[in-house]
Amino acid sequence: MKIKKIEWRNIASYGNKIQRIELPEKYGLIQVIGENGAGKSTISDIITFGLYGKVGGKKLKDIPNRYNSSAWVKITFEESGNLYE
């Protein structure tokens, strides 16, 4: 499975505006760096929630941010030449 694009809104400190990460066509290892509190772990949680519908150690009610209760995630990935969302 190769993740092509990750989109989300209303998760943790990310607000109602859709956030998007598009991964390059040819990539190997992806490194996410940033200051403490920048959202690195949240991106990991978003991917986990988008693929599996749950995040280890967190209740589903804790995933949406506290101001907007409608968390949304869309992950586009390729598997065996087919695209899935």
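The helix and strand tally for the protein chain stands at one helix and four strands. Taken along the three principal axes of its C-alpha coordinates, the protein chain extends 40 × 25 × 25 Å. Sorting the 85 residues of the protein chain into buried and exposed places 26% on the buried side. Looking at the protein chain alone, contacts between residues at least 24 apart form 56% of all its contacts between residues at least 6 apart.

Moving on, we come to the sheet that holds strand S2 (residues 19-22). Reading across from one edge, S2-S1-S3-S4 is the order of the four strands in this open sheet, with antiparallel pairing throughout. The open sheet terminates on both sides in strands that have one partner only, identified here as S2 and strand S4 (82-84). Looking at each pair of strands side by side, their axes are set apart by 10° on average, direction ignored. Where strand S1 (residues 2-9) and S2 come together, four bridges link them in antiparallel fashion. Residue pairing in the sheet places Trp-8 in a bridge with Gln-19 of S2. Sitting on the sheet, helix H1 (residues 40-52) touches S1, S2 and strand S3 (72-79), and the angle it makes with S3 is about 75°.

For Asn-65, the location among the structural elements is in the loop between H1 and S3. A distance of 2.9 Å separates the side chain of Asn-65 from the backbone oxygen of Tyr-14, its partner in a polar contact. Apart from residues no more than four positions distant in its own chain, Asn-65 is found in contact with Asn-10, Ile-11, Ala-12, Tyr-14 and Gly-15.

What the rule picks out here adds up to two aromatic pairs. Look at Trp-8 and Tyr-14: their rings are 5.2 Å apart centre to centre, the planes differ by 85°, and that puts the pair in the edge-to-face class. Each of the two residues, Trp-8 as well as Tyr-14, counts as buried. The residue whose ring lies beneath Arg-9 is Trp-72, and the NZ or CZ to ring-centre distance is 5.2 Å.

Right, let's get into H1. Here H1 contains 13 residues, and its C-alpha end-to-end distance of 19 Å stays within 8% of the 18 Å for a straight helix at 1.5 Å per residue. Buried residues along H1 sit in contact with S1, S2 and S3. Positive backbone phi, approximately 75°, marks Gly-53, located one or two places after H1.

Within the largest apolar cluster, 13 residues are counted, with the highest numbers of intra-cluster contacts made by Ile-3, Ile-6, Trp-8, Ile-11, Ile-46, Val-73 and Ile-75. At the level of elements, S1, H1 and S3 are the ones that each hand at least two residues to this core.

Rules used throughout
- Residues numbered from 1 in each chain as written.
- Predicted model: local features only at pLDDT ≥ 70, side-chain atom pairs only at ≥ 80, totals over all residues.
- Heavy atoms only, no water.
- Helix = DSSP H or I, 4+ residues; strand = E, 2+ residues; numbered from the N terminus.
- Buried < 20%, exposed > 50% of the residue type's maximum accessible area, 1.4 Å probe, protein only.
- Contact = heavy atoms within 4.5 Å.
- Pairing = 2+ DSSP bridges.
- Axes fitted to C-alpha atoms, helices over the stretch in contact; angles between N-to-C directions.
- Polar contact = N/O pair within 3.5 Å; in protein donor to acceptor, adjacent residues only side chain to side chain.
- Phe/Tyr/Trp six-rings, centres within 6.5 Å; stacked < 30°, edge-to-face > 60°.
- Lys NZ or Arg CZ within 6 Å of the ring centre and 35° of its normal.
- Expected span 1.5 Å × (residues − 1).
- Core = buried A, V, L, I, M, F, W, Y, C linked by side-chain atoms within 4.5 Å.

This is a description of form; function is not addressed.
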